[in-house]
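Fold and geometry: a report
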Amino acid sequence: MESKKIFELIEKEKQRQTKGLELIASENFVSDEVMKAAGSVLTNKYAEGYPGRRYYGGCEIIDQIEEIAIESAKKLFGAAYVNVQPHSGAQANAAVFLACLKPGDKVMGLDLAHGGHLTHGSPVNFSGLNYDPVFYKVNKEDGRINYEDMMATARREKPKMIIVGASAYSRDFNYKKFREVADEIGAILMADISHPAGLIAKGILSDPLPYCHIVTTTTHKTLRGTRGGMIMLGKDFENPFGYKTPKGEIKMMSQVFDGAVFPGTQGGPLEHIIAAKAITFIEALSDEFLVYAHQVVKNAQVLSKSLIERGFEIISGGTDNHLMLIDLHNKNITGKVAEKVLEKAAITCNKNMIPYDDRSPFITSGIRFGTAAVTTRGLKENDMIKIADFVNEVIDNPENDKVLNKVREEVNSLMDSRPLFNW
Ligand code: DSN
């Protein structure tokens, strides 16, 4: 097999991204600058360790790049400490578990089937396999987190760590309530803001940093950057664990978290990706990004309202952020089939369990949409109404190839009017 084949496939994928309508809530399109840094010569460099304390020579330039990434992220989120080395959100979470817990310790997260994430205690993930997970849920009636029940579960189960955050929850979080119960039971509070990070950075959603001991995120969803992860600690962070080294010394939390990423869970950092993260944060600090983030939410609200007007049921009745979860029961189609037929019409999304789903994660009764990527392409409120029409036509005619082809052509032509790549 020749490497040429890979470049042909990359070109095909570029065409797919260019022509299609991207509604996957966790995806976005990076700027040319981010792309350039991610594909740069920095991929050649080993730099195990941290700026000023590396295990390899030749790191003086790498150090400056990583410092800029750290300082830009601190400024963007108002964090006191940032580690930009986690390769992904899952890696960031793994490092937090290593830093804060012993195997077998109890953790409490939002149930995966209610919008949570694999790394928040799922039995098939390290977080559920090596630790003892308990879960809080959303109400069946309104799809919102039941805070009373969450607090009661925490008081009863006394987890050592509580995780607030989700990958399929369309509402803002009340971090204060989580902190109240965490303080009551002496638990560590971690927020995973992977999905809404860009909206939080610009003050559109509640800020977890004043309330949560630890905040983790990815950098590629609403933050519109390179694929990657990050760990942050807030300004008021006090050592809630009384962390002692085997020699009995109290360690700075920054040292604990740095050690948990490297050498705890990772080897050499991806410095090309750290450079791309630096550019991501610099871009997110701009006024242009504020306009973008507001448009993401406006688009999500119009899309969700337009879908409701066309008879779709949205869990919780709408959205505060960039995403929405659609219950397809009344449309007599499963999430699995809906995902497939939408793809035939050049619309990509993912099947997703809905709370209290009667179908398996492989079939599901729902689909999840997000507006971060389409907003990057410049789509606005009027386009959201068109998208709701496209989705409605496809879901009403899943076996009608003529309709699917017609919608595909309409999608392609809408996307042709919004060029994506300059390279
Ligand atoms: N895969 C991400 C998402 O789609 O939300 C979570 O890891």
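Attention here is on the structure that accompanies the text.

Thresholds, definitions, all that
- Residues numbered from 1 in each chain as written.
- Predicted model: local features only at pLDDT ≥ 70, side-chain atom pairs only at ≥ 80, totals over all residues.
- Heavy atoms only, no water.
- Near = heavy atom within 4 Å.
- Polar contact = N/O pair within 3.5 Å; in protein donor to acceptor, adjacent residues only side chain to side chain.
- Areas by Shrake-Rupley, 256 points an atom, 1.4 Å probe, with all protein chains shown as cover.
- 1 Å grid on protein atoms, 1.4 Å probe; cavity = no way out; pocket = protein on both sides within 12 Å on 5 of 7 lines; lining within 4 Å.
- Sits in = over half its atoms within 2 Å of the grid points.
- Nonpolar A, V, L, I, M, F, W, Y, C, P; charged D, E, K, R; others polar.
- Bend = angle between axes of the 7 residues up to and from the residue.
- Helix = DSSP H or I, 4+ residues; strand = E, 2+ residues; numbered from the N terminus.
- Buried < 20%, exposed > 50% of the residue type's maximum accessible area, 1.4 Å probe, protein only.
- Arc of directions from axis to C-beta.
- Contact = heavy atoms within 4.5 Å.
- Disulfide = S-S within 2.5 Å.
- Pairing = 2+ DSSP bridges.
- Axes fitted to C-alpha atoms, helices over the stretch in contact; angles between N-to-C directions.
- Phe/Tyr/Trp six-rings, centres within 6.5 Å; stacked < 30°, edge-to-face > 60°.
- Lys NZ or Arg CZ within 6 Å of the ring centre and 35° of its normal.
- Points joined across faces, edges and corners; volume = space filled by probe spheres on them.
- Salt bridge = Lys/Arg side-chain N within 4 Å of Asp/Glu carboxyl O.

**Concerning the site of the ligand**
- Within the structure, the ligand sits among S26, H117, S167, H195 and R368.
- Within the side chain of H117, an N or O atom sits 2.6 Å from an oxygen atom of the ligand.
- In this structure, R368 approaches the ligand through a side-chain N or O atom, which is 2.7 Å from an oxygen atom.
- In isolation the ligand exposes 230 Å². Once the protein is present, 62% of that is buried.
- If you map the ligand onto the pockets, it falls in the largest pocket.
- Of the residues assigned to the shell around the ligand, the class counts are no nonpolar, four polar and one charged.

**Describing helix α9 (residues 253-265)**
- Remark: the principal bend of α9, roughly 30 degrees, maps to G259, with a proline, P263, within the next four residues.
- All of the buried residues in α9 are M253, V256, F257, D258, A260, V261 and F262.

**Observations regarding helix α7 (residues 175-185)**
- What α7 keeps buried is the set Y175, F178, V181, A182 and I185. Relative to the axis of α7, the buried residues are bounded by an arc of 130 degrees and lie together on one face.
- Looking at the buried positions of α7, the neighbouring elements they touch are β6 (132-136), α6 (147-157), β7 (161-165), β8 (188-192) and α8 (197-201).

**Regarding the state of the cysteines**
- In the structure shown here, the tally under the stated rule is zero disulfides.
- C212 takes part in no disulfide bond, and the closest cysteine sulfur, belonging to C100, lies 12 Å away.

**Here's the deal with the sheet that holds β6**
- Across the sheet, seven strands lie side by side as β4-β10-β9-β8-β7-β5-β6; this open sheet has mixed pairing. Only two strands of the sheet have a single partner each, and these edge strands are β4 (81-83) and β6. Averaged over all neighbouring strand pairs, the angle between strand axes comes to 20 degrees, with direction disregarded.
- When β8 meets strand β9 (residues 214-218), the two strands line up parallel, connected through three bridges. By the bridge assignment for β9, A191 is matched with V215.
- The sheet strands contacting α7 are β6, β7 and β8, and the helix crosses β7 at an angle near 175 degrees.

**A closer look at the packing of aromatic side chains**
- Considering all chains together, one arrives at ten aromatic pairs under this definition.
- Aromatic side chains F173 and Y175 sit 6.0 Å apart centroid to centroid with 40 degrees between the ring planes, which places their arrangement in the tilted category.
- Owing to a relative accessible area of 4%, Y175 belongs among the buried residues under this scheme.
- Put simply, the rings of F97, F126 and Y131 pair up and form one aromatic cluster.
- Stacked on the ring of Y292, the Lys or Arg R224 has its end atom at 4.3 Å from the ring centre.
- When the ring centre of F312 is taken as reference, the NZ or CZ atom of K331 above it lies at 4.3 Å.

**Considerations on the layout of surface pockets**
- Within this model, the largest pocket holds a volume of roughly 680 Å³.
- In terms of lining, the largest pocket is formed by 28 residues, of which the most central are L112, H117, S167, N352 and R368.
- Looking at the lining of the largest pocket, the elements that each hand over two or more residues are α4 (89-100) and β14 (350-352).
- Here the residues of the lining of the largest pocket are counted per class, giving eight nonpolar, 15 polar and five charged.
- Considered as a void within the structure, the second largest pocket measures approximately 540 Å³ in volume.
- In terms of lining residues, the second largest pocket is bounded by 21 residues, among which Q17, N28, V30, M35 and R227 are the most central.
- For the lining of the second largest pocket, the secondary-structure elements that each account for two or more residues are α1 (3-19) and α2 (32-38).

**Observations regarding the pattern of salt bridges**
- Within this structure, the stated rule accounts for 24 salt bridges.
- Residue K74 is joined to E71 by a salt bridge in which the shortest nitrogen-to-oxygen separation is 3.3 Å. Taken together, the residues span about one helical turn, with K74 and E71 both in helix α3 (residues 60-77) at a distance of three residues.
- For K74, a relative accessible area of 22% corresponds to the partly exposed category.
- Measuring nitrogen to oxygen at the nearest pair gives 3.6 Å for the salt bridge that ties D105 to K160.

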